[in-house]
Amino acid sequence: MSQHPSARGRFITFEGIDGAGKSSQIAATVDLLRERGLTVVQSREPGGTPLSEKLRSIVLADPMHLETEALMMFAARREHLALIIEPALARGDWVVCDRFTDATYAYQVGGRGLDEDKFRALEQWVHPHLQPDLTLLFDVPPALAAERLASGRAETDRFEREQRDFFERVRAAYLQRAVASAGRIAVVDAARPLAVVTDDVLGSVRRLLEQTA
Ligand code: TYD
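Below is a short write-up of the structure. Just so we're clear, the structure is a prediction, and the values are computed from it rather than from any experiment.

1. Some words on the overall build of the protein chain
In step 1: The secondary structure content of the protein chain amounts to eight helices and five strands.
In step 2: Start at the N end of the protein chain and walk to the C end: the helices and strands fall as β-α-β-α-α-β-α-α-β-α-α-β-α.
In step 3: Its C-alpha atoms give the protein chain a radius of gyration of 17 Å, near enough to 17 Å, the size a compact globule of 213 residues would have.
In step 4: Buried positions account for 50% of the 213 residues belonging to the protein chain.
In step 5: In the protein chain, the share of contacts with a sequence separation of at least 24, taken over all contacts with a separation of at least 6, comes to 80%.

2. Concerning the pattern of salt bridges
In step 1: Within this structure, the stated rule accounts for 18 salt bridges.
In step 2: Two residues, E123 and R177, come together in a salt bridge whose shortest N-O distance is 2.8 Å. One end of the pair, E123, is in helix α5 (residues 116–126); the other, R177, is in helix α7 (residues 164–180), and 54 residues separate them in sequence.
In step 3: Classification of R177 as buried rests on a relative accessible area of 8%.
In step 4: Among the ionic contacts, a cluster of salt bridges with common partners joins D102, E116, R120, E123, R177 and R184.

3. Observations regarding the packing of helix α6 (residues 142–152) against α7
In step 1: Orientation of α6 relative to α7, taken along the N-to-C sense of each, is 120 degrees, at an axis distance of 9 Å. Of the two elements, α6 crosses α7, and the hand of that crossing is right-handed. Of α7, the residues touching α6 (which contributes P142, A143 and A146) are R164, F167, E168 and R171.
In step 2: Tallied by class, residues from the contact of α6 with α7 come to four nonpolar, no polar and three charged.

4. Some remarks on the site of the ligand
In step 1: Not every one of the 18 residues close to the ligand is listed here, only the nearest: D18, R99, T104, Q108 and E160.
In step 2: Interatomic distance of 3.1 Å between a side-chain N/O atom of R56 and an oxygen atom of the ligand.
In step 3: For the ligand, a nitrogen atom lies 2.8 Å from a polar atom in the side chain of Q108.
In step 4: Out of a free accessible area of 550 Å², the ligand has 91% covered by protein chains.
In step 5: Taking a 2 Å distance to the grid points as the criterion, the majority of the atoms of the ligand fall inside the largest pocket.

5. Considerations on the packing of aromatic side chains
In step 1: With the rule as written, the count across this model stands at eight aromatic pairs.
In step 2: On the basis of an interplanar angle of 65 degrees and a centroid distance of 5.4 Å, the ring pair of Y105 and F119 is categorised as edge-to-face. Taken together, the residues Y105 in helix α4 (residues 101–112) and F119 in helix α5 connect sequence positions 14 residues apart. Taken as a pair, Y105 and F119 share a single burial class, namely buried.

Procedures and definitions
Within every chain, residues take consecutive numbers counted from 1 along the sequence as written. Only residues with pLDDT of at least 70 are given local features in this predicted model, and only at 80 or more are side-chain atom pairs given and counted; all residues enter the totals for whole chains, interfaces and linings. Side-chain measures were taken over the full set of non-hydrogen atoms in the model, leaving aside hydrogen atoms and water. Secondary structure elements are taken from DSSP: a helix is a run of H or I of four residues or more, a strand is a run of E of two residues or more, and numbering for both begins at the N terminus. Radius of gyration: C-alpha atoms only; globule rule: 2.2 Å multiplied by the number of residues to the exponent 0.38. Whether a residue is buried, partly exposed or exposed follows from its accessible area with a 1.4 Å probe, protein chains only, as a fraction of its type maximum: under 20%, in between, or over 50%, in that order. In this description, contact between two residues means that some pair of their heavy atoms is separated by no more than 4.5 Å. Here a salt bridge means any side-chain nitrogen of Lys or Arg lying within 4 Å of a carboxyl oxygen belonging to Asp or Glu. Only C-alpha atoms enter the line fits that serve as axes; for helices the fit covers just the stretch in contact. Angles between N-to-C directions range over 0 to 180 degrees. Note: crossing handedness is left-handed where the near helix turns anticlockwise from the far helix by less than a right angle, and right-handed where it turns clockwise. In this count, Pro and Cys sit with the nonpolar residues alongside Ala, Val, Leu, Ile, Met, Phe, Trp and Tyr, while Asp, Glu, Lys and Arg are called charged and the others, Gly among them, polar. Proximity is defined per residue: if any heavy atom of the residue lies within 4 Å of a molecule or strand, that residue is considered near it. Counted as a polar contact is a pair of N or O atoms within 3.5 Å, where, for protein atoms, one must be capable of donating a hydrogen and the other of accepting one, and residues adjacent in sequence contribute only when both atoms are in side chains. We get accessible surface area from the Shrake-Rupley algorithm with a probe of 1.4 Å; when it comes to residues, only the shown protein chains can shield them. Each cavity reported here is a set of points on a 1 Å grid over the protein atoms alone in which a 1.4 Å probe fits but cannot get out, each pocket an open set with protein on both sides within 12 Å along at least five of seven lines, and each lining residue one with an atom within 4 Å of a point. Whether a molecule sits in a cavity or pocket is decided by its atoms, more than half of which must lie within 2 Å of the grid points. When two rings of Phe, Tyr or Trp (its six-membered ring) have centres within 6.5 Å they constitute a pair, described as stacked for plane angles under 30 degrees, edge-to-face for angles over 60, and tilted for the intermediate range.

Pasting the structure below:
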């Protein structure tokens, strides 16, 4: 049965430096969407398919050339788009994803120094027409994020073990991309108490729901 184009689902992504506090906000968002009767596919990057999860475990653990790292992020993404994201949106489901291409811009271009033209070429190749409908960018000073990470978990991956100046560059790149995509990326001050941040996030999600209705 063919679907009317307006039946396409919506794509929401969550971004921010490690320790910004995305996880609980993702859960609150998924709950709200399900309460509204929507079918929600929750996923993450790198990852989301068996192959992409294998790529994730390698890229989070093994040191590699910065271009290899970027290519692996996009390889995992290509698979995730083909198997999960694109079919879900076509069915009319909503997709809520922990990180997407903004993370590659922030971490690989901003953090590692990947050539921006190479990033753009990969973005164009892997998803020339698709961007999230809404991106919540959790902005927090790296010092606070580091405190949250230290109190939250015992094991860290090789990104989380980076130094403060790396996260300063990642944060700056995220904010730069937010300026360039102001209609899509909502910057959320994630240094505030959890409940205040949740209000802000759910407010943005409700606006998207209203636009969609
Ligand atoms: P993260 O999403 O923070 O998961 P967890 O909360 O389980 O640690 O971890 C993914 C890491 O991968 C994070 O440090 C950012 C990094 N990353 C990139 O460097 N580039 C990318 O394109 C993506 C999607 C993630």
